[in-house]
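Structural overview
Next come the chains, spelled out residue by residue.
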Amino acid sequence: QSARFNLTRAGDPQGAPELRQALCRFLGATRGMSVEPGQVVVVSGIQQAMTAVGQMLVHPGTPLIMEAPGCSMIAPLYQRYGAEVLPVPVDADGLMVDHLPDCRRGVAVVTPARHFPLGGTMPASRRRALLDWADASDAHVFEVDFDSDFQYEGSPLPSLQTMDRRGRFIYAGSFAMTIGPGLRIGYLILPPDLVQPALEAVSLLEHAWPIQGMGAPWLDQAVLTDFIDSGGYDKHLRTLRRSYMQRRDAVVAGLARHFGAPDLLGMASGTHLAWRIPRHLPDAAACDARARAMGIAVHRLTFWTISGAESLPG
């Protein structure tokens, strides 16, 4: 099927049209999103997507609303563009929307499908409140989707895009968690008025030269398109979900066997769990050290990929 692609010609800088069409079908089936291929920009991964959004929307003094705790690369990246970082605490349901700041023309970077790192899923009422805040504040909401493809319990909630009526929503995804970080393909979903600015921003990341796919190799795009269209990717995801669910259950059973019923967050989806350590055990640092001495890798909320743990409520 890859004969559909003529690899001897320079392709569309927005990404292979066939791949963008396949992504629209996939996101419609899995996240309820209704998008056109013209709203998709293929990039080399989440990092490039986030950098492009920063170039487009973040300027000196721009309010940056980010989850606390959250991904540690967000604040330093956007501070380089002059952002004013405004951390908002999270709870078991994700971003606490009643703590959103009173500001104008900001960018809220959120992980509503599965909060990183606590694993909560933002309920529909909070999603609506978040978009209402964005409308009232003339802000954009940028959803970064790390690992929502691994859903074990219930059905995933539709993306924020299904509630967006005024073009406030931007979405970034990649295949790093489902296929592997070696496949340097990700994607941005944008309102129509931001597509051209996004292409210009990504072109600057490629030395101001609009090469094929803006850094996403065309052969990889062709193979990935066939993988999705053939049903192979769906089958691959089902296999991964079964494997990760078995691993999750083994971890939960082990914790229960040794420490009693564990207080866990993030059970319904994803590739990690958050465990509230029982009071009778040593603190997190001591547990971390003991686990590592036995060859078990665990990460505290002070791990280098996480920032803002001090903003947790209570």
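In short, a report on the structure. (Residues numbered from 1 in each chain as written. Predicted model: local features only at pLDDT ≥ 70, side-chain atom pairs only at ≥ 80, totals over all residues. Heavy atoms only, no water.)

A closer look at a nonpolar patch on the surface
Judged by side-chain polarity, Met294, Ile296 and Val298 come together as a nonpolar surface patch covering roughly 290 Å² of accessible area. Turning to its location among the elements, Val298 is positioned in the loop between α8 (284-293) and β12 (306-307). For Val298, a relative accessible area of 31% gives the class partly exposed. (Patch = residues over 30% accessible without salt bridge, like charges linked within 9 Å, V, L, I, M, F, W, Y side chains within 5 Å. Areas by Shrake-Rupley, 256 points an atom, 1.4 Å probe, with all protein chains shown as cover. Salt bridge = Lys/Arg side-chain N within 4 Å of Asp/Glu carboxyl O. Helix = DSSP H or I, 4+ residues; strand = E, 2+ residues; numbered from the N terminus. Buried < 20%, exposed > 50% of the residue type's maximum accessible area, 1.4 Å probe, protein only.)

Some thoughts on empty space enclosed by the protein
Taken as a whole and judged by the stated rule, the model has two cavities of 30 Å³ or more. The computed volume of the largest cavity comes to approximately 100 Å³. Lining the largest cavity are 16 residues, and of these Asp145, Phe146, Ser148, Asp149 and Ser174 sit closest to its centre. Within the residue set of the lining of the largest cavity, elements represented by two or more residues are α1 (17-31) and β8 (169-174). Broken down by element, the residue count for the lining of the largest cavity peaks at four residues, all from α1. Here the lining of the largest cavity is built from residues that sort into seven nonpolar, five polar and four charged. If you go around the second largest cavity, the residues you meet are Glu67, Gly70, Cys71, Ile74, Val109, Val110, Thr111, Phe116, Val144 and Phe146. Here the lining of the second largest cavity is composed, by residue class, of seven nonpolar, two polar and one charged. (1 Å grid on protein atoms, 1.4 Å probe; cavity = no way out; pocket = protein on both sides within 12 Å on 5 of 7 lines; lining within 4 Å. Points joined across faces, edges and corners; volume = space filled by probe spheres on them. Nonpolar A, V, L, I, M, F, W, Y, C, P; charged D, E, K, R; others polar.)

Here's the deal with the side chain of Arg168
Inspection of the secondary structure puts Arg168 in the loop between β7 (140-144) and β8. Accessibility expressed as a relative area gives 9% for Arg168, which makes it buried. Setting aside its immediate chain neighbours within four residues, Arg168 contacts Ala134, Asp135, Asp138, Ala139, His140 and Val141. (Contact = heavy atoms within 4.5 Å.)

With respect to the pairing of strand β2 (residues 63-68)
Of all six residues in β2, six are buried, a share of seventy percent or more. A two-sided burial pattern is seen for β2, the buried positions comprising Pro63, Ile65 and Glu67 on one face and Leu64, Met66 and Ala68 on the other. Here six bridges tie β2 to strand β4 (residues 84-91), and the two strands are oriented parallel to one another. Bridging from a neighbouring strand, Ile65 pairs with Leu86 of β4. Sheet topology places β2 next to strand β6 (residues 107-110); three bridges connect them, and they run parallel. Of the residues in β6, the one forming a bridge with Ile65 is Ala108. (Pairing = 2+ DSSP bridges.)

Quick word on the pattern of salt bridges
All told, the structure shown has 15 salt bridges when counted by the stated rule. Residue Arg31 is joined to Asp145 by a salt bridge in which the shortest nitrogen-to-oxygen separation is 2.7 Å. Residue Arg31 is found in helix α1, and its partner Asp145 is found in the loop between β7 and β8; the two are separated by 114 residues along the sequence. The pair Arg31 / Asp145 is uniform in exposure class, with both members buried. Where Asp138 meets Arg105, a salt bridge forms, and the shortest distance between an N and an O atom there is 3.1 Å. Of the two residues, Asp138 sits in the loop between α4 (124-137) and β7 while Arg105 sits in the loop between β5 (94-95) and β6, which places them 33 residues apart along the sequence. When its relative accessible area of 60% is taken as the criterion, Arg105 is described as exposed. Sharing partners across several salt bridges, the network here consists of Arg105, Asp135, Asp138 and Arg168.

Thoughts on the nonpolar core
Leu130, Trp133 and Phe175 are the most contacted members of the largest nonpolar core, which has 40 residues in total. Look past the residues within four positions of Trp133 in its chain and what remains in contact with it is Ile65, Leu100, Pro101, Cys103, Ala108 and Ala139. Core analysis: the second largest hydrophobic core is formed by 34 residues, Phe142, Val144, Ile170 and Val195 among them. (Core = buried A, V, L, I, M, F, W, Y, C linked by side-chain atoms within 4.5 Å.)

Examining the side chain of Thr51
Note on placement: Thr51 falls in helix α2 (residues 46-57). Judged by relative accessible area, Thr51 falls into the buried class, the value being 12%. What Thr51 contacts, discounting residues up to four positions off in sequence, is Leu77, Tyr81 and Leu205.

Quick word on helix α6 (residues 218-229)
Given a rise of 1.5 Å per residue, 12 residues ought to cover 16 Å, and the 16 Å separating the end C-alpha atoms of α6 matches this to within 8%. What α6 keeps buried is the set Trp218, Gln221, Ala222, Leu224, Thr225, Asp226 and Ile228. Check the buried side of α6 and you find it contacts α1, β1 (40-43) and α7 (232-259). Immediately downstream of α6, the backbone of Gly231 shows phi near 90°, a positive value. (Expected span 1.5 Å × (residues − 1).)

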